[in-house]
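# Summary of the model geometry
One letter stands for each residue in the lines below.
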Amino acid sequence: MQAFEPQWPRPKRINFILTNRCNLRCTYCPEGSHPDSYYADLDDTSFEEITKFVRDNGVVEAGLAYYGELTLVRDWWKKARRLLDMGVALTATTNGHLPLSDDEVATFARFKYVEFSIDSHDEETVRKVRKKVSVRTIIHNFHRIRAYCYRNVLTLPDLVWTGVMSHHVVNQLPDFVCFAHSNGVSRLNFNEIVIYEGAVEKRLNVVDLPEAEFREAVASIETALKIAARLGVKLAIGELPRIRARQEGRDIGAPLVVRSTPVAPTLNHTEGDSIPEGYTRDCGAPWNELYLDPKGQVFACCNRGEVMGTARTSAELQSVFGNEKYQALRNGLKTGRDIDPACATCAVRPIVPVQEPQKNRIKSALMTTLGKHPKALTTLAAIRSLVKK
């Protein structure tokens, strides 16, 4: 059999944004506080290079709009359909506030995952924190996508509602769970507020409430969790660990930590847990995906703000993904030594022994590589058995 080299790392997913502009001005978001030079739209030439990168590297999934509002871009759906027709699974987050055209509805119906950003079902409350938004328009858009799928015998995308858990909405949570369920929603994700330096409002977190108001908010959360369990709704609340910590009297008053992200500087409540010797973060992002902004800046993940390089072409993207910065980042996570400071203090990925993620990456690479070589398929089952051990 002809010798061959395992082809890794090779990204499985690319996350890019067609625009970093948004039509809303959420009080907890930095949107609108950036300098004018920050804002940009992805040009057609850059999009063509992204599709070339996707095709040449066998990228199987693309995320659109990790920041900004996708539907602000004229004919965004044409670009999305290009990728869909290539067999790429698409995911996106949208605030759903702009009325969707028939073409946009038909395109969203082909996505793998669509997350509608909606904090509450109450119009007055939503306008207080999200400015200019219409809950009625969001719900109408949501149901048009569902109806299109039913009419055309299509599998529904994974349609999820997401929100930001501020003290403005927490006491409405039980009713909101019921409202979501009545609309056919089975997954609700509520993120903890990230404190952006450019945000209009601060100290909106539940754990920052005075004691009496905190207890009332916790009672609402407990009720919502029980209702969700009864209705079969998966309700995820990002702030819950810190809420439980305050309930148990554990210290949550550590000074805020300044972080750099691809979007804006943030003030975080935690530096993350320390990593013992022989351990690392269980994170495959530097191997499996990359983030790209409209100006061609490449980021390793959505939490780490260091620019890994600038790429305007498919070849440049490939070059950045294999450059020294990426190699150092991967090596730190792989060995548990000299871990990048942003990774070391990450509050998202769990800490595991270094062997665990390394074993999974080798297994995935072997299966992918050998699967492309027909003469190696006879030994594939044996190697699977060895890797499992």
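The coordinates are above.
The sections below set out a description of the structure shown in this document. Bear in mind that the values here come from a model prediction, so they are computed numbers and not experimental data.

### Quick notes on the packing of aromatic side chains
Under the definition given, this model contains twelve aromatic pairs. Consider the rings of Tyr66 and Tyr291, whose centres lie 5.1 Å apart with planes at 75 degrees: the pair is edge-to-face. One end of the pair, Tyr66, is in the loop between β2 (61-64) and α2 (76-85); the other, Tyr291, is in strand β12 (residues 289-292), with 225 residues separating them in the sequence. Ring centres of Trp76 and Phe108 lie 4.8 Å apart, and the angle between their planes is 45 degrees; on these two criteria the pair is classed as tilted. In this pair, Trp76 sits in helix α2 while Phe108 sits in helix α3 (residues 102-108), placing the two residues 32 residues apart along the sequence. A relative accessible area of 1% means that Phe108 is categorised as buried. One aromatic cluster is present, formed by Phe116, Phe142, Trp161, Phe176, Phe179 and Phe190 through successive ring pairs. The lysine or arginine in question, Lys79, covers the ring of Phe47, its NZ or CZ lying 5.7 Å from the ring centre. Across from the ring centre of Phe214, 3.9 Å away, lies the NZ or CZ of Arg246, which sits over that ring.

### Overview of helix α10 (residues 314-321)
All of the buried residues along α10 are Ser314, Leu317, Val320 and Phe321. End-on, the buried residues of α10 take up no more than an arc of 125 degrees, which puts them together on one face.

### Considering the environment of Ala264
Locating Ala264 in the fold gives a position in the loop between β9 (257-259) and β10 (266-268). Sequence-wise, Ala264 and Glu31 are 233 residues apart; in three dimensions their C-alpha atoms are separated by 9.2 Å. The residues contacting Ala264, other than those within four sequence positions of it, are Pro30, His34, Tyr196 and Arg259.

### Some details on the state of the cysteines
For the structure shown, the criterion picks out zero disulfides. Cysteine Cys22 shares no disulfide, and the gap to the nearest cysteine sulfur, in Cys26, comes to 6.3 Å. Unpaired in terms of disulfides, Cys26 finds its nearest cysteine sulfur in Cys29, a separation of 5.9 Å.

### Observations regarding the nonpolar core
Judged by nonpolar contacts, the single largest core of 97 residues is most densely connected at Ile14, Phe16, Phe111 and Trp161. The dominant element in this core, judged by the number of residues it contributes, is helix α7 (residues 211-231), at seven residues. If sequence neighbours within four positions are ignored, Ile14 has contacts with Ile50, Phe53, Val54, Val59, Glu61, Ala62, Gly63, Leu290 and Leu317.

### Quick word on the sheet that holds β10
Read from one edge of the open sheet, three strands run β7-β10-β9, paired in antiparallel fashion. The open sheet has two free edges, formed respectively by β7 (195-196) and β9, since each of these has just one partner strand. Where β7 meets β10, two bridges bridge the pair, whose relative direction is antiparallel. Residue Tyr196 lies in a different strand from β10, and its bridge partner there is Thr266.

Each value, and the rule that gives it
Residues numbered from 1 in each chain as written. Predicted model: local features only at pLDDT ≥ 70, side-chain atom pairs only at ≥ 80, totals over all residues. Heavy atoms only, no water. Phe/Tyr/Trp six-rings, centres within 6.5 Å; stacked < 30°, edge-to-face > 60°. Helix = DSSP H or I, 4+ residues; strand = E, 2+ residues; numbered from the N terminus. Buried < 20%, exposed > 50% of the residue type's maximum accessible area, 1.4 Å probe, protein only. Lys NZ or Arg CZ within 6 Å of the ring centre and 35° of its normal. Arc of directions from axis to C-beta. Contact = heavy atoms within 4.5 Å. Disulfide = S-S within 2.5 Å. Core = buried A, V, L, I, M, F, W, Y, C linked by side-chain atoms within 4.5 Å. Pairing = 2+ DSSP bridges.

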